[in-house]
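Fold and geometry: a report
Chain by chain, the residues:
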Amino acid sequence: MTRGTAGGSTGSPDRAITPAAFDRDQVITDFGRVVYGVTPALQVSVDSTDLAQQVMYGTGAENRIRLTVTGPRGAYSFELALCLPNTDRSPVFLGLNFDGNDAALQQWPIDLLLRRGYGVATAHASAIEPDRLGGAADGIRTVLPEGLDDWGTLGVWAWALSLIRRQLPSFAHVQADKIIAIGHSRMGKAALWAAAQDTGFAAVVSNEAGCSGDALHRHLSTGSGHRPSTGSRHRVKEDIAAITGKFPYWFTPSYAGYAGRDAELPVDQDQLLASIAPRPVCVGSASEDDWADPLGQFQAVLAARELNEGSGPVGFHLRPGDHALLAEDWLHYLAFLDRHLSPGSHS
Ligand code: GTR
């Protein structure tokens, strides 16, 4: 099967591939090659240790677990927080957090999620690979084979999400085939990339992932003004130049080569969303969220629905307000997943 834009040969700002030309495997190969870095095939072993720190909620319990990943250059540990409702088996949201597990469990509406029959698993992204230039020298990569320098930190986080996803069924009451990748902003980018590559994720929720996540590149007019804002294009706060200027290490080095040439990228984010079908994808946005680019997100969702030809739901919600993952957002995601995760999956 061929794709209209593989290899970026057209360079047309208005290019979009047709459903007939859509090739999921090629899309994933291209995103690895050009955007996030190719995920290496890695042989690691994972052990879990119960840290015996249980907190009881009326609706369930929270446990802390140490995951130890052993690779060719040694062992590396990080903590996982796992909250499960008082049900036989439950679907579980799995997402990385910005500020540590304690902060995440305070910020996320755990009681609500448990009450609705969903579990939550989370780990601190920077405990896996520090979110800074040079962070690779202090994170999980230090126990993996040397020479993985073209692999972006978003790619490492996505790989870690898959690693945790595969570990979760070893804990009682986790419904193995109902693990949902979730993330806000940069963690949403990682969640999408994880779910695109790993079909073991049952669904993905991308909250305001924006540039290089869930917003289209091909319709934007960059803030630096090198392309006029005409037609369907609109100005955004963040484009490839901006994001690779601030966070070069999130991506494979060649991505920065598309700075100022966003529309020439051989892939676009609608293809990432469409590659997850038939599994459900839900995108959330906020009207004042300049980072996420609500219009670009909506355009990506519409284009993804066309590309996947209805083979899987791609949801969208827009709420008033700014860049954040709020209880209100979780309510939308619960409603979407109650509807689209296969029935009878949880009580
Ligand atoms: C910004 C970044 C955005 C988004 C955001 C966040 O600085 O440029 O793409 O990821 O951070 O993660 O909150």
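Provided above is the structure to which this section pertains.
Report follows, based on the coordinates. Note that residues are indexed from 1 along each chain, following the sequence as it is written. In keeping with the model being predicted, local features are shown solely for residues with a pLDDT of at least 70 and side-chain atom pairs are shown and tallied solely at 80 or more, while totals for entire chains, interfaces and linings include all residues. Hydrogens are left out, water is left out, and the side-chain values use all remaining heavy atoms of the structure.

Notes on the environment of Leu 148
Starting at the N terminus, helices and strands are each numbered in turn, a helix being any DSSP run of H or I of at least four residues and a strand any DSSP run of E of at least two. Structurally, the position occupied by Leu 148 is in the loop between α4 (125-128) and α5 (153-167). With 132 residues separating them along the chain, Leu 148 and Pro 280 place their C-alpha atoms 31 Å apart. Residues in contact with Leu 148, not counting those within four places in the same chain, are Pro 40, Leu 42 and Arg 141. Residue contacts follow a heavy-atom distance rule, with two residues in contact if any of their heavy atoms lie within 4.5 Å.

Looking at the packing of helix α1 (residues 24-36) against helix α6 (residues 186-197)
Across the interface, α1 lies against α6 with an axial gap of 10 Å and an inter-helix angle of 140°. The orientation of α1 with respect to α6, classified from their angle, is oblique. Relative to α6, α1 is oriented so that their crossing is left-handed. Side by side, α1 and α6 meet where Arg 24, Ile 28, Phe 31, Gly 32 and Tyr 36 of the first sit next to Trp 193, Ala 196 and Gln 197 of the second. Residue composition of the contact of α1 with α6, by class: five nonpolar, two polar and one charged. Lines fitted to C-alpha atoms define the axes here, with helix axes fitted over just the stretch in contact, and angles between the N-to-C directions of these axes take values from 0 to 180 degrees. Any angle from 65 to 115 degrees is called roughly perpendicular, while one under 35 is roughly parallel, one over 145 is roughly antiparallel, and all others are oblique. Handedness of a helix crossing follows the sense of rotation of the near helix relative to the far helix, less than a right angle counterclockwise being left-handed and clockwise being right-handed. Residue type decides the class: Asp, Glu, Lys and Arg count as charged, Ala, Val, Leu, Ile, Met, Phe, Trp, Tyr, Cys and Pro as nonpolar, and the leftover types, Gly among them, as polar.

A word on the site of the ligand
In the vicinity of the ligand, the contacting residues are Phe 98, Ser 185, Arg 186, Lys 189, Glu 238, Ile 243, Lys 246, Phe 247, Trp 250, Trp 291 and His 323. Polar contact is defined as a pair of N or O atoms within 3.5 Å, subject to the rule that within protein one atom must be able to donate a hydrogen and the other to accept it, and that residues adjacent in sequence are counted only when both atoms are side-chain atoms. Measuring from an oxygen atom of the ligand, one finds a side-chain N or O atom of Lys 189 at 2.8 Å. Lys 246 is positioned with one of its side-chain polar atoms (N or O) 2.9 Å from an oxygen atom of the ligand. We get accessible surface area from the Shrake-Rupley algorithm with a probe of 1.4 Å; when it comes to residues, only the shown protein chains can shield them. The protein chains hide 92% of the 310 Å² of surface that the ligand would expose on its own. Mapped onto the shell around the ligand, the elements with two or more residues apiece are α6 and α7 (240-246). Here, proximity means that at least one heavy atom of the residue falls within 4 Å of the molecule or strand.

Regarding the pairing of strand β7 (residues 174-184)
Partly exposed describes any residue whose relative accessible area lies between the buried limit of under 20% and the exposed limit of over 50%, with all areas from a 1.4 Å probe on protein chains only and scaled to the type maximum. Within β7, nine of the 11 residues are buried, which leaves it mostly tucked inside the rest of the structure. Taken together, the four bridges between strand β5 (residues 90-97) and β7 define a ladder with parallel strand orientation. Residue Phe 93 lies in a different strand from β7, and its bridge partner there is Ile 180. Alignment of β7 against strand β8 (residues 203-207), held across five bridges, turns out to be parallel. Each bridged residue has a counterpart across the sheet, and for Ile 182 the counterpart in β8 is Val 205. By definition, the crossover connecting two strands over a helix is right-handed if that path, from the first strand to the second, turns clockwise as seen with the strands pointing away from the viewer. Chirality of the crossover, the property in question, places the unit of β7, α6 and β8 among those that are right-handed. Two strands are said to pair when DSSP picks up at least two bridges between them.

Description of the pairing of strand β11 (residues 281-286)
Of all six residues in β11, six are buried; the element is thus mostly enclosed. Relative to β11, β8 runs parallel, the two sharing four bridges. Directly across from Asn 207, in β11, lies its bridge partner Gly 284. As paired elements, β11 and strand β12 (residues 314-319) share six bridges and run parallel to each other. Opposite Gly 284, over in β12, you have His 317 as the bridge partner. Read from β11 through helix α9 (residues 294-307) to β12, the crossover connection turns out right-handed.

Structural notes on the pattern of salt bridges
By convention in these notes, a salt bridge is any Lys or Arg side-chain nitrogen within 4 Å of a carboxyl oxygen on Asp or Glu. One pass over the full model with this rule turns up 16 salt bridges. One salt bridge connects Arg 141 with Glu 129, and the closest N-O pair in it is separated by 2.7 Å. Note that Arg 141 is positioned in the loop between α4 and α5 and Glu 129 in the loop between α4 and α5, a separation of 12 residues in sequence. Exposure remark for Arg 141: the relative accessible area of 9% places this residue in the buried category. Exposure remark for Glu 129: the relative accessible area of 0% places this residue in the buried category. With a closest N to O distance of 2.8 Å, Asp 329 and Arg 319 form a salt bridge.

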